[in-house]
Amino acid sequence: MSAVRGPRARALRPRDRLRRVLTEAASAALAAGLLVWSLIPVYNMLLIALDPDEGDIEFEGLIWPPDPSLESFRAVLTQGYWLLEDFWRQFGNSVFIGVMTMLLTVLIGSLASFALGRMRLSRGWLFVNAPLLTYAVPASFLVIPFSKLMASYGLANSLWAIVAANVAFATPYAILILRQYAKLIPIELDEAAQVDGASPVQLYRRVYLPLMAPALAAVGTYALLLAWNEYLYQYVLLSSTRNMTVAVAIAQFFNSDEAPLNYMMAAAIIYALPPIVIFYALRRYIATGLTRGALKG
Amino acid sequence: MLDRPRRPARRPHLPGWDLAWAIAFVVPYTAVFVGFVLYPVAYGLWMARDPALYGELLANPLYVRSLVNTALYVGIGVNVKLFLALLLSGFFMRRRWWIKALLPVFILPWALPSIPAFVSFHWMLIGEEGLIDSLLAALFGVQGPLWFHDRRLALASNIVADIWKWLPFWTLTFYAGRTAIPQEIYEAAAVDGAGGFRRFAYVVFPLLGNLYLVCTLLSTLWTVGDFTTVSLVSEGAPAYSTDVLATLAIHYAFDAAQPALGIAAVTAALPALIPIALILMRALQTRDVQL
């Protein structure tokens, strides 16, 4: 480091003061722009959901609902429309897929990252990073043979098929993040525990998992969001209404011509709430998990 | 550079008993990988083994256009998204309370599920009844365009929706990367009189260069496989002219009941994707050499 602190570093000349004001003004403008950019599609959802009229696109040129009503939310919550008949069951299916994807990704990912990172199974990059090869195969390519094979696995029209696809796509990234974070934990801890007679399983449960908690929370949230974002596999693999998820039900609304848009948007908003709540509740862990471990420069 | 302790010496080889445990720990993942990735891929390649399929595809102008669309969607989308994310991560490093307060709102698109988000994008851009055109009319008195009646506008809508959804994720990743740069390096650069731009060009970018490469490659792979955005925002309109490989393949496989053709459509992209995945795996290994 060639740091020689000169006096010019601290002196504030008028030119610098003007520059500082301009920087602040530009920052404020950028912040306002980002606020609008982030919220416009969300506002649009509320605008459509709160419009009481059913039928076609009746929000002609409106930027504010003239007569806001919560009727559409009532219809969704009470399943009061034929496309919404199984809404709560479908919601349960989405929750099942999300939670199972999260748990299995954390479990399988942490086991694999422990073996690859802490037990030094192998040092070859081709082997250690092999899970990332999954991403060479686009999801839209894989889904076609996948849907054929699920029948022979006995998983046709089953929620477990979706969980399997989600876990297959979430774990490579999870292993990557967990291995990065694990580099922060001194290997001497493991060695000390081994000297005290800890078996690899005890090492994993008593040392690795507790110390990795922030990264596990980050990876779990990532898996949950991936499951909640996923649509293609659910659309292709789940055919019956009762096994459908909310994502597919909303898309069905979207593709049907006469279905009321306000009901669709109300369902979409209710569907969006759980991941948002969980995400903001765990935000602190995610921040530590990502900032202290993930993909460092 | 900074004087940092070298990596600890490698541990000696695993004793046989530990090796057995290590293998046992990787078994669940290996089972998932073989059962739900490797075997379906092999099966898919076997289904699309007939060379005539590829001739049929290349003779189809819709398919050739979808190749162009995919190149534009991925090429523009990924680069704009990551470059903006890199710049914005620097913005969020600023210590102002209102910038800190903005961050949770900015992250919202990532937490919002794709289906609601893209359905909303579709209706927002539906034409003069949509929110965007309504706002243009109310604020500036301009009549907005019919977004999905023009191929370029529809393609741009898809790209913008994709950027909107994934910008927060990559911004957070770069933000994490920046917090790993020791503060003294910034201070030293500031003392030496490096302004914002030069600090970015000579300090931040060289230090984050490899991370930027890794993220670009990862985002490219994920965006090529993206079906949801295009299938909901523009729905391929006008007249299938904005379809990408992913939507066209699903269309062939499930609407037209020609699964082999659908697989062949995406298989054509594999020669480009496998090298990208290999470079990604290699880049991840050289990364800790940087600092």
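Reading the values: the criteria
Residues numbered from 1 in each chain as written. Chains lettered and ligands numbered in written order. Predicted model: local features only at pLDDT ≥ 70, side-chain atom pairs only at ≥ 80, totals over all residues. Contact = placed C-beta atoms within 7 Å. Helix = DSSP H or I, 4+ residues; strand = E, 2+ residues; numbered from the N terminus. Nonpolar A, V, L, I, M, F, W, Y, C, P; charged D, E, K, R; others polar. Domains from an automatic or database assignment. Buried ≥ 20, exposed ≤ 12 C-beta atoms within 10 Å, placed from the backbone. Axes fitted to C-alpha atoms, helices over the stretch in contact; angles between N-to-C directions. Parallel < 35°, antiparallel > 145°, perpendicular 65-115°, else oblique. Expected span 1.5 Å × (residues − 1). Arc of directions from axis to C-beta.

Caption draft 1: Geometry of the interface of chain A and chain B. The interface is formed by 85 residues belonging to chain A together with 94 residues belonging to chain B. Here the side of chain A that touches chain B gets 13 residues from one element, more than from any other, and that element is helix H1 (residues 14-49) of chain A. Broken down by class, the residue content of the side of chain A that touches chain B amounts to 67 nonpolar, 13 polar and 5 charged.

Caption draft 2: Seen up close, the domain arrangement of chain A. Residue and element names in this part refer to chain A. What the domain assignment lists for chain A is domain 1 (12-77) and domain 2 (82-293). Placing the centre of domain 1 and that of domain 2 at their C-alpha centroids yields a distance of 31 Å. On the domain 2 side, the residues contacting the 11 residues of domain 1 number 12 residues. Going through the elements one at a time, H1 and helix H2 (71-77) are the ones with two or more residues in the side of domain 1 that touches domain 2.

Caption draft 3: Local environment of helix H11 (residues 246-255) of chain A. The element H11 of chain A is largely enclosed, with a buried count of 7 among its 10 residues. Those residues of H11 of chain A lying buried are Val 246, Ala 247, Val 248, Ala 249, Ile 250, Ala 251 and Phe 253 of chain A. Where H11 of chain A is buried, its residues touch helix H3 (87-118), helix H10 (232-237) and helix H12 (261-281) of chain A together with helix H5 (114-124) of chain B.

Caption draft 4: Seen up close, the domain arrangement of chain B. Partitioning chain B into structural domains gives domain 1 (15-47) and domain 2 (54-289). Its C-alpha centre places domain 1 of chain B at a distance of 31 Å from the equivalent point of domain 2 of chain B.

Caption draft 5: The arrangement of the environment of Ala 182 of chain A in detail. Residue and element names in this part refer to chain A. Along the chain, Ala 182 turns up in helix H6 (residues 159-182). Of the residues examined, Ala 182 has 20 C-beta atoms within 10 Å and is grouped as buried. For Ala 182 and Ala 215, which are 33 residues apart along the polypeptide, the C-alpha to C-alpha distance reads 8.7 Å.

Caption draft 6: Structural view of the packing of H1 of chain A against H5 of chain B. For the pair H1 of chain A and H5 of chain B, interaxial distance at closest approach is 9 Å and the crossing angle is 75°. When the interaxial angle is binned, H1 of chain A and H5 of chain B end up roughly perpendicular. For the pair H1 of chain A and H5 of chain B, contact is made by Pro 41, Asn 44, Met 45 and Ile 48 of chain A and by Pro 116, Ala 117, Ser 120, Phe 121, Trp 123 and Met 124 of chain B, respectively. Across the contact of H1 of chain A with H5 of chain B, the residue classes tally to 8 nonpolar, 2 polar and no charged.

Caption draft 7: Spatial organisation of helix H8 (residues 200-211) of chain A. Residues and elements named next belong to chain A. If you check H8, its first and last C-alpha atoms are 15 Å apart, about what 12 residues at 1.5 Å a residue would give, namely 16 Å. Turning to H8, its buried residues number three or more, namely Pro 200, Leu 203, Tyr 204 and Tyr 208. Relative to the axis of H8, the buried residues are bounded by an arc of 95° and lie together on one face. Those residues of H8 that are exposed and aimed more than 90 degrees away from the buried face are Val 201, Arg 205, Arg 206 and Pro 210.

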